[in-house]
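Below, each chain spelled out in residue letters.
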Amino acid sequence: MVKAKSWKIAKLFDGVPKDEDLQLVEEDLPGLKDGEMLIEAVYLTVDPYMRVMLETNGKVGDTMMGEQISKVIESKNKDYPVGTIVRTHSGWRSRTIVSADACRRMPELGDLSLSTALGVMGMPGMTAFFGFLEICSPKEGEVVVVSGAAGAVGSLVGQIAKIKGCKVIGFAGDEEKCKWIKSLGFDCVYNYKKVKIDDALKEAAPEGVDCYFDNVGGEFTLSVLKNMKLFGRMSICGQISQYNATEKLKAELPFPMILFKQLLVQGFIVMRWYNRWAEGEKQMSQWIREVNK
Ligand SMILES: NC(=O)c1ccc[n+]([C@@H]2O[C@H](COP(=O)([O-])OP(=O)(O)OC[C@H]3O[C@@H](n4cnc5c(N)ncnc54)[C@H](OP(=O)(O)O)[C@@H]3O)[C@@H](O)[C@H]2O)c1
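Let me begin by describing the structure that accompanies this report. Computed from a prediction, not measured in an experiment: that's the story for all the values here. Residue indices follow the written sequence of each chain, beginning from 1 at its first position. Two thresholds apply to this predicted model, a pLDDT of at least 70 for residue-level local features and 80 or more for giving and counting side-chain atom pairs, whereas whole-chain, interface and lining totals are computed over all residues. Side-chain calculation: all heavy atoms of the structure are included, whereas hydrogens and water are not.

**Some details on the overall build of the protein**
Our working definition: Runs of E in the DSSP output that reach at least two residues are strands. Runs of H or I that reach at least four are helices, and both are numbered from the N terminus. For a compact globule the rule gives 2.2 Å times the number of residues to the power 0.38, and the radius of gyration it is set against comes from C-alpha atoms. Between buried and exposed lies partly exposed: a residue is buried under 20% and exposed over 50% of the maximum accessible area for its type, with that area taken using a 1.4 Å probe on protein chains only. Any two residues whose heavy atoms approach within 4.5 Å are treated as being in contact. Surface accessibility follows the Shrake-Rupley procedure with a 1.4 Å probe radius. Residue values consider only the protein chains on display as shielding. None of His or the chain ends enter the tally, which takes Lys and Arg as positive and Asp and Glu as negative. Every charge is mapped to an atom, namely NZ of Lys, CZ of Arg, CG of Asp or CD of Glu.
When helices and strands are counted, the protein shows 9 helices and 13 strands. Taken over C-alpha atoms, the radius of gyration comes to 21 Å for the protein, in line with the 19 Å a tight globule of 293 residues would show. C-alpha extents for the protein along the principal axes are approximately 65 × 45 × 35 Å. Relative to its 293 residues, the protein shows a buried fraction of 46%. Partitioning the intrachain contacts of the protein with sequence separation of at least 6 by distance along the chain shows that 65% fall at a separation of at least 24. Total accessible area on the protein is roughly 15400 Å²; 55% of this is exposed by carbon and sulfur atoms. The averaged location of the 38 negative side-chain charges in the protein is 2 Å from the averaged location of its 38 positive side-chain charges.

So this is what it looks like as structure tokens:
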């Protein structure tokens, strides 16, 4: 009998998740049927969307969700021999029995670390690539604002915007993160806990903002909205400031501002471009190699 360990939901999250909301459980796995593989996790993900999805779809006893990179350690599927690396949505588990239809295509990583298949070459990377380029359509010389700029997605959006010749303003939550995104090439960086967003934007973008990549939502986004240029574009990627909120936000409605500034405001879920991921992966890997030359 093969043993597996899995993190289960012990209590539905209320506000910020706590240690006791999760429990590590040991399980016995059955033998493999024809076509199945036993996989062992190499890397697991922790992504903000899990917090939102568990709020709506989670149940006590569920395995904590998430993608993983795993290695096939036993196989009854000739297309997936022992040693094959796969990407699955098996959640926070050490070992899992899967069939081929549960395995997602691995990107071409070359000499990049396997972990990048869950980062820059995976879902966060494709979120930054398609969510920014397809919705904001940035042009050389334009001003781009990124919130959550030190996160997996935001840090990539800022670098892509620099590659496109934009002036990039990033907001992060402490000095160390601000220093790091500055080292990535962001032109202006602010600790949003220490400045008023409006003052920072008046200083860094006195003529207004062309593109806003929103990871944060809430009052932060309302402040950026007031500083958008006419015909500006806003890509609504995430609302992380609201995920752990226990009280509803009381704020003015954004629609009059969207109307009078004639803004394009569009939300997205990255999977809508899943059939184009190969295009994003190719460009991302090329940019990484150029930087590392
Ligand atoms: N639409 C999609 O398909 C899609 C796909 C992937 C991700 N997302 C969304 O994109 C966003 C970023 O994801 P990620 O993978 O980059 O996450 P991440 O690596 O965990 O980074 C999230 C960042 O958000 C900042 N943050 C947390 N609470 C905040 C608050 N109250 N106000 C302002 N900033 C806050 C944190 O940094 P500080 O210390 O700087 O606050 C952190 O750097 C999330 O909202 C996520 O849900 C959407």
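**A word on the layout of surface pockets**
The probe, sized like a water molecule, is rolled over the atoms to show the empty space still left. The line we're drawing: As defined here, a cavity is a set of points on a 1 Å grid over the protein atoms alone where a 1.4 Å probe fits but cannot get out. A pocket is an open set with protein on both sides within 12 Å along at least five of seven lines, and residues line them when an atom is within 4 Å of a point. Grid points are joined across faces, edges and corners, and a volume is the space filled by probe spheres set on the points. Under this grouping Gly is polar, as are all residues other than the nonpolar Ala, Val, Leu, Ile, Met, Phe, Trp, Tyr, Cys and Pro and the charged Asp, Glu, Lys and Arg.
Here the largest pocket is characterised by a volume of approximately 1200 Å³. The wall of the largest pocket is formed by 45 residues, among which P48, N215, G238, I240 and Y243 lie closest to the centre. Within the residue set of the lining of the largest pocket, elements represented by two or more residues are helix 1 (48-57), helix 2 (123-136), helix 3 (152-163), strand 9 (167-172), helix 6 (218-226) and helix 7 (240-243). Residue classes in the lining of the largest pocket are distributed as 25 nonpolar, 13 polar and 7 charged. Reported here for the second largest pocket is a volume of approximately 320 Å³. Along the walls of the second largest pocket sit 17 residues, with G218, T221, L222, Q239 and P254 positioned nearest its centre. Those elements that place two or more of their residues in the lining of the second largest pocket are helix 6 and strand 12 (228-236).

**Quick notes on the site of the ligand**
The criterion, for reference: Residues are labelled near a given molecule or strand when at least one of their non-hydrogen atoms is within 4 Å of it. Each polar contact in these results corresponds to two N or O atoms within 3.5 Å; when the atoms are within protein, one needs to be able to donate a hydrogen and the other to accept it, and residues that are neighboring in sequence are counted only if both atoms are side-chain atoms. Each molecule is assigned to a cavity or pocket provided more than half of its atoms lie within 2 Å of the corresponding grid points.
For the ligand, the set of nearby residues contains 22 residues, the closest of which are G173, K177, Y192, Y243 and V270. In the model, an oxygen atom of the ligand is placed 2.8 Å from a nitrogen or oxygen of the V153 main chain. At a separation of 2.8 Å, an oxygen atom of the ligand approaches a polar backbone atom of V270. In this structure, the ligand is accommodated by the largest pocket. Elements represented by at least two residues in the shell around the ligand include exactly helix 2, helix 3 and helix 7. Tallied by class, the residues present in the shell around the ligand amount to 14 nonpolar, 7 polar and 1 charged.

**Section: the nonpolar core**
Heads up, the rule is: What makes a nonpolar core is a set of buried Ala, Val, Leu, Ile, Met, Phe, Trp, Tyr and Cys residues whose side-chain atoms join them at distances within 4.5 Å.
By size, the foremost hydrophobic cluster in this structure holds 39 residues, and its most contacted members are F132, I160 and M284. Counting residues per element, this core draws most heavily on helix 2, which supplies 9 residues. Filtering out sequence-adjacent residues up to four positions away, I160 remains in contact with A128, F129, F132, L133, M284 and W287. A204, L222, M234 and L263 belong to the second largest nonpolar core, which has 22 residues in total.

On their own, these measurements won't tell you what the molecule is for.
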